[in-house]
Amino acid sequence: MTSNQFYSRSYICFTKYIQMAKEYLGEFEELVLTMVGILSEDAYGNAIVTEIRERIGREVNLSAVHITLYRLEDKGHVKSHMGGATKSRGGRRKRIYTITNAGLAMLRAMKDARVDLWKLIPQLKIVGI
Amino acid sequence: MKKERILRFLEWFCPPPLYEGIEGDLLEQFEIDSKQVGEKRASKRLFLGVLKFFRPEIILRNRFTLQLINTIMMGNYFKVATRNIQKRKLYSFINAFGLSIGIAFCILIFLFIQDEKSFDQFHTNGKRIYRIEETSYNYWNPAIEEKDRYNRSAYVQVPLKQALKDELPEVEYATRFNPEGSGIVKYGNKVFTETISYADGDFFKMFSFKLLSGNADKLFENKLEVVITPVIAEKYFGTDDPIGKTLLIDDEGEKSYTVAGVIEAPPANSSIDFSILLPQENRSGYEKQLERWGNFSTPTFVQLAPNTDITKFSLNLDKVIQKFMGDKLSEWRKEGNVPENIKMLEYGYTALPDWHLNNKIEWHKVSNPQYSYILGGIAILILLIASINYISLALTTSAARRTEVGIRKVVGAVKNQLIYQFGLESIILALISMFVGVTLVILFLPAFNEYTQKGIAVTLSNGIQIVGVGVLLAFVVGALAGCYPALFLSGFRPAVVLKGRFTTKVQAGFTRPLVIMQFALSAFLIISSIIMYKQMRFITTKDLGYNQHQILIIPTQTGWQKEGNKVVEQFRTRLLQEQDILSVAGTNMSFNRGWSRYGYKINGEHKSAFVYSVDPDYISTLNMEVVMGRNFDSSILSDSNAVVVNEALVKDMKWDDPLNSYLNYREDSTSHGAKVIGVVKDYHFRSLEAKIDPLFLCMDFKHSGALTTMMVKMNSEGLPKTMEKIGKAWKEMYPDKPYDYTFLDEDVAKQYKSYERWMSIMGLSTGFAILISCLGLFGLAGINAVNRTKEIGIRKVMGAELFNIFVLLNKQYVWLALIAFVLAAPASWYSMNLWLADFEFKIAIGWQLFVGSMLVGLSIALLTVSYHAIKTAFVNPAETLKYE
């Protein structure tokens, strides 16, 4: 390995770190965050899984959703509290997630950025088949 | 798979703050699933779902603080534990006592095994020092079976040392070492008999005994130098500097030696022992021995150069044999008609660190590695018994503690906490026992050293080890013994316990096998000890064929010189003037002081016989029975060439008329040999481990050795006074010779010293084992009696007699003891048969013995349990029944 390669690699890591810390969410994180926003007061693990399935027809793992939620909470995009006990779920309470202002701002920033980028694509007309 | 178990798995790895949310989500899904696809598949999905959570993102969210013990409750556990120990003083005592004895035993045995292993490990070059050993083929004695024909010993030829040094370049140093010579040492008016060891100059370069003064390179260049230990230096010279002083040493002729060095005394765990070292050249007949390659008399050690190929060395040893003994060996081979494929002589070797436990070769202080195993086994047995006691006691006292468990559970203790609690309690008790145990070790170490003939001392380093072993044992035993009761106790259901069913009995069913087991162990030890004791008593009281009592053995202090005969004669004349001295006999060797044996050929047949040179008073002094012919008579001149033989020799020679036979033991071709003038009844001139071999007595002092020892037979009355007289007479007549004496019966008993030692160790262990298992039984019986208090109250009200109650309570223990004995009897029968195989003369193991030991064990058991039985039987029923 030459020293050149070494430097370039560490450079990549560095930029990625900046982006992640500031204004970057993974695709799945963005999806889960959006769902938390949609479900507002009723966002918890299972509800999100169902919501994703119903809205965009995608099967996701409960564990993946949980992990993403914890990560979003670490980053400050969502916050959580324990809901009231219910009869189902073996009497266990739900952990309800709500989106924070920072999370909402993040979603909006990402949407804006994407819309901006979308506009830059030459608008193609689809000629009828 | 069960839902609960899956969730427990989740709980195990999931961080607690997240747990409820995750579990809830999973359960919700599970409920949906079980409606849609049925419970079974839902469970499967649940399991998969949980598995998917088993990933680093979740697991790493755990805060890894090791919480092995719940620190908050610790204080409470301690408090409750001490209260419990105080409340049940008797049971706590039983447990702590049993455990501390077990621990003390284990530590002592640990020290023993450590000492065995530490033997000779302190020599810097130890791994390069080898003892040369010979394996020779016995070609001349036809009576020996083929497999016994190889004789292995550490005694080799005197000239071998120089030959090895000259011939083999890999031999760096070599020394001969004869440890057990004896001589009279004189300095000024101090005269003592001392043990003298003979070595070569290289001795001081090879071994790591510290030379306190003197030059190791120069020592023994002068043949008249002596090296002594500080104890000897102080004994003779007091505080003066011993170097350069002259000691007169008489070992076969008096010579004066200059003290050239002081050497540190060897420690107790050294196979090489000495106090006075003289150069080998001073051994009597040394010059002659240098020519004799057929005479195996001297241990020889070599130190090989570093990185010597040991297989090459052993090949080289064969070459040395060929060079120096080739001719002689082929001559012997011809004589004995030994086939070519049998090696007549072979040298082997053992590295210094391995000497002590190599019991195939006889050596002073050699030990059987088996002893370590046996002792280790006993230690584990005793520890096991103590642990079993703990378990059964803890379980049976559990009745009293179930309320505590119930309340703890109601207040919120989880099972793990209870397990910790009870585990902790047992460890606390074990630690207390450990302290008592270590104290016991320190108290009993001197006695233990005496039993085992060791010199173990508690030093700082092994003190730390002792405490370390103690703590380790305490934790192991505490955890092991506490583990089961902890599980048992923590399993109580609070609802059942607290509802108030106090009268339910403790299920003691499975503690019974435990009690049987320990009783069987004790029974095994009881039977074994009784057999050992009976055998030892048989040996010590068996009629040896001669009278061994009230006989004083006095060495003439003349070495092997003919002068000894004169001393015997003079001293006899002097002593017979005293009225309480019955007779004085002379011999060349007293019993258990060595023996000599002639090998000879008669009519082409190889024979051998033991020989003692004696004087005419010998047979009468020892009260031997002459069955044929007569004793020696000093007035008949020809008796100096006559022999008295024992019956075994007559049988061996197949003589029909022994009194008209001749024993040509010197293979004299010009005459018939020695005339047989008498036959004595067989007597045990060796230990009872050996059978009575052919033997003859003669007055041939020239060939069979001069008289060296006097046997003085005294009247049994006024013994101390008589002995005083003898001592005074000796000092009068031989002021320059030390007066050493022993008693014949003590000498004879010494042959069995190692057995006696083992018997006392065995007896001690038996005592302790019985004590501990009795303590256990005592506790168990007590709790059982308490359990049945109400039953007995009712029975008494209904009219039961005291005796009936007594029988009722004790019946089961009799059964337990009986079963234990049935288990133990065959095991002890087997192992005792192995032990008895060492003896040529032994007791028979009869059924009476087993019955006897069984009765002993049974009565011990009954005595133990009776206390409680009687106590319970005497309780006023009103007391026990008033709460109903």
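Residues numbered from 1 in each chain as written. Chains lettered and ligands numbered in written order. Predicted model: local features only at pLDDT ≥ 70, side-chain atom pairs only at ≥ 80, totals over all residues. Heavy atoms only, no water.

Caption draft 1: Main features of the overall build of chain A. Scanning chain A for helices and strands turns up 5 helices and 2 strands. Of the regular secondary structure in chain A, the N- to C-terminal order runs α-α-α-α-β-β-α. In chain A, buried positions account for 35% of the 129 residues. For chain A, long-range pairs separated by at least 24 residues make up 51% of all intrachain contacts whose partners lie at least 6 apart in sequence. In the form shown here, chain A has an accessible surface area of approximately 8,800 Å², with 58% of it arising from carbon and sulfur atoms. (Helix = DSSP H or I, 4+ residues; strand = E, 2+ residues; numbered from the N terminus. Buried < 20%, exposed > 50% of the residue type's maximum accessible area, 1.4 Å probe, protein only. Contact = heavy atoms within 4.5 Å. Areas by Shrake-Rupley, 256 points an atom, 1.4 Å probe, with all protein chains shown as cover.)

Caption draft 2: Representation of the overall build of chain B in the model. Tallying secondary structure elements over chain B gives 28 helices and 23 strands in all. Looking at chain B residue by residue over its 884 residues, the buried ones come to 51%. Across chain B, contacts joining residues at least 24 apart in sequence account for 78% of those joining residues at least 6 apart. Accessible surface for chain B amounts to roughly 43,100 Å². Of this, 58% is attributable to carbon and sulfur atoms.

Caption draft 3: Structural view of the interface of chain B and chain A. Counting residues at the interface gives 19 residues for chain B, matched by 20 residues for chain A. Counting across the chain B and chain A interface gives 5 salt bridges. Between R93 of chain A and E20 of chain B there is a salt bridge whose closest N-O contact spans 2.9 Å. Taken together, chain B and chain A are joined by 13 residue pairs in polar contact (both at pLDDT 80 or more). (Salt bridge = Lys/Arg side-chain N within 4 Å of Asp/Glu carboxyl O. Polar contact = N/O pair within 3.5 Å; in protein donor to acceptor, adjacent residues only side chain to side chain.)

Caption draft 4: Structural view of the nonpolar core. Judged by nonpolar contacts, the single largest core of 52 residues is most densely connected at Y546, F591, Y618, L622, Y683 and L697 of chain B. Top contributing element to this core by residue count: helix 17 (residues 511–541) of chain B, with 7 residues. Setting aside chain neighbours within four positions, we find L622 of chain B in contact with Y546, N547, I551, F591, M711 and L744 of chain B. In terms of nonpolar packing, the next biggest core, distinct from the first, is built from 44 residues, V49 and V65 of chain A together with I6 and A42 of chain B among them. (Core = buried A, V, L, I, M, F, W, Y, C linked by side-chain atoms within 4.5 Å.)

Caption draft 5: Highlighting the packing of helix 2 (residues 27–39) of chain A against helix 4 (residues 62–75) of chain A. All names here are of chain A. At their nearest, the axes of helix 2 and helix 4 sit 10 Å apart, and the two run at 85° to each other. When the axes of helix 2 and helix 4 are compared, the pair comes out roughly perpendicular. Counted together, F28, E29, V32, L33 and V36 of helix 2 and A64, V65, T68, L69, R71, L72 and K75 of helix 4 form the full contact between these two elements. Class assignment of the residues belonging to the contact of helix 2 with helix 4 gives a composition of 8 nonpolar, 1 polar and 3 charged. (Axes fitted to C-alpha atoms, helices over the stretch in contact; angles between N-to-C directions. Parallel < 35°, antiparallel > 145°, perpendicular 65-115°, else oblique. Nonpolar A, V, L, I, M, F, W, Y, C, P; charged D, E, K, R; others polar.)

Caption draft 6: Summary view of the pairing of strand 5 (residues 190–199) of chain B. All names here are of chain B. Note that strand 4 (residues 171–187) and strand 5 share 9 bridges and pair antiparallel. The partner of V185 across the bridge, within strand 5, is F192. Remark: 2 residues form the turn of the hairpin made by strand 4 and strand 5, two consecutive strands paired antiparallel; G188 in that turn has positive phi of roughly 60°. (Pairing = 2+ DSSP bridges.)

Caption draft 7: View of the packing of aromatic side chains. Residue and element names in this part refer to chain B. Enumeration over the complete set of coordinates arrives at 43 aromatic pairs over all chains. For the pair F204 and F220, a centre-to-centre distance of 5.1 Å together with 85° between the ring planes defines the contact as edge-to-face. Taken together, the residues F204 in helix 8 (residues 203–206) and F220 in the loop between strand 6 (211–213) and strand 7 (225–228) connect sequence positions 16 residues apart. Of the two residues examined, F204 and F220, each falls in the buried class. Between the aromatic rings of Y741 and F743, the centroid separation amounts to 6.3 Å while the plane-to-plane angle is 85°, which identifies the pairing as edge-to-face. Among the residues examined, Y741 registers a relative accessible area of 38% and is labelled partly exposed. Pairwise contacts between aromatic rings join F122, F177, F203, F204, F207, F209, F220, F274, F301, W355 and W363 into one cluster. Over the aromatic face of W363 sits the side chain of R131, whose NZ or CZ is 5.2 Å from the ring centroid. (Phe/Tyr/Trp six-rings, centres within 6.5 Å; stacked < 30°, edge-to-face > 60°. Lys NZ or Arg CZ within 6 Å of the ring centre and 35° of its normal.)

Caption draft 8: A look at a nonpolar patch on the surface. Residue and element names in this part refer to chain B. A grouping of W12, L48, L51 and F54 is seen on the molecular surface, where their side chains present a nonpolar patch of about 440 Å² in accessible area. Position of W12 relative to the elements: it lies in helix 1 (residues 3–13). Classification of W12 as exposed rests on a relative accessible area of 65%. (Patch = residues over 30% accessible without salt bridge, like charges linked within 9 Å, V, L, I, M, F, W, Y side chains within 5 Å.)

Caption draft 9: Spatial organisation of unusual backbone geometry. Even without being a glycine, S40 of chain A presents a positive backbone phi close to 40°. Mapped onto the elements of the fold, S40 of chain A is located in the loop between helix 2 and helix 3 (45–56). Of the residues examined, S40 of chain A reaches a relative accessible area of 41% and is grouped as partly exposed. In the Ramachandran plot, N307 of chain B falls in the positive-phi region, its phi being about 60° despite a non-glycine side chain. By the element assignment, N307 of chain B lies in the loop between strand 11 (298–304) and helix 11 (310–336). With relative accessibility at 81%, the residue N307 of chain B sits in the exposed group.

Caption draft 10: Seen up close, a negative patch on the surface. Together, D327, E331, E335 and E667 of chain B give the surface a local cluster of negative charge. Topologically, E331 of chain B is positioned in helix 11. (Lys, Arg positive; Asp, Glu negative; His and termini not counted. Charge placed at Lys NZ, Arg CZ, Asp CG, Glu CD.)

Caption draft 11: Focus on the sheet that holds strand 22 (residues 709–714) of chain B. Residues and elements named next belong to chain B. Strand order in the open sheet formed by 4 strands is 14-22-13-23, with antiparallel pairing between adjacent strands. The two strands at the open ends of the sheet, each matched to only one other strand, are strand 14 (581–587) and strand 23 (742–743). One ladder, built from 2 bridges, connects strand 13 (residues 551–555) with strand 23; its direction is antiparallel. Within strand 23, the residue paired with L552 across the bridge is F743. Here helix 22 (residues 719–733) sits on the sheet and contacts strand 13, strand 14, strand 22 and strand 23; the angle it forms with strand 22, its principal contact strand, is near 145°.

Caption draft 12: Structural detail: the pattern of salt bridges. Residues and elements named next belong to chain B. Evaluated as defined, the whole model comprises 40 salt bridges over all chains. Of the charged contacts, one joins R131 and E133 as a salt bridge, the two residues approaching to 3.0 Å between their closest N and O atoms. For the residue pair R131 and E133, the accessibility class agrees, reading buried in each case. Its salt-bridge partner being K343, residue E346 comes within 3.6 Å of it at the nearest N-O pair. A relative accessible area of 33% places E346 in the partly exposed class. Three or more residues are tied together by salt bridges with common partners; here these are E569, R572, D615 and D617.

Caption draft 13: Fine view of the side chain of S608 of chain B. Residue and element names in this part refer to chain B. Of note, S608 is situated in strand 16 (residues 605–613). Looking at S608, the relative accessible area reads 8%, which means it is buried. For S608, the side chain forms a polar contact with the side chain of R597, separated by 3.4 Å. In contact with S608, not counting residues within four places along its chain, are W140, N141, R597, Y598, G599, Y600, D652 and P694.

Caption draft 14: A look at the side chain of T587 of chain B. Residue and element names in this part refer to chain B. Examined against the element boundaries, T587 turns out to sit in strand 14. The class of T587 is buried, set by a relative accessible area of 0%. Of the polar contacts made by the side chain of T587, one reaches the backbone oxygen of S613; its length is 3.3 Å. Residues in contact with T587, not counting those within four places in the same chain, are Y612, S613, V614, Y618, L707, T708, T709 and M711.

Caption draft 15: Examining the pairing of strand 4 of chain B more closely. Residue and element names in this part refer to chain B. The buried count for strand 4 comes to 12 of 17 residues, which makes it a mostly enclosed element. Inspection of the sheet shows strand 4 paired to strand 11 by 5 bridges, in the antiparallel sense. Residue Y173 lies in a different strand from strand 11, and its bridge partner there is Q303. Sheet topology places strand 4 next to strand 8 (residues 246–250); 3 bridges connect them, and they run antiparallel. Within strand 8, the residue paired with K186 across the bridge is L248.

Caption draft 16: Geometry of the packing of helix 1 of chain B against helix 2 (residues 16–37) of chain B. Residue and element names in this part refer to chain B. Packing of helix 1 against helix 2 brings their axes to within 11 Å, and their N-to-C directions diverge by 150°. Put simply, helix 1 runs roughly antiparallel to helix 2. Seen from above, helix 1 lies across helix 2 with right-handed handedness. Taken together, the residues of helix 2 that come into contact with helix 1 (itself represented by K3, L7, L10 and E11) are Y19, I22, E23, L26, L27 and F30. Here the contact of helix 1 with helix 2 is built from residues that sort into 7 nonpolar, no polar and 3 charged. (Left-handed = near helix turned anticlockwise from the far one by under 90°.)

Caption draft 17: Spotlight on the confidence of the model for chain A. Summary statistics for chain A give a mean pLDDT of 79 and a share of 78% for residues scoring 70 or more. In the predicted structure, residues 1–21 of chain A sits below a pLDDT of 50 and forms 2 contacts with residues beyond four places in sequence or in another chain. (pLDDT = per-residue confidence, 0-100.)

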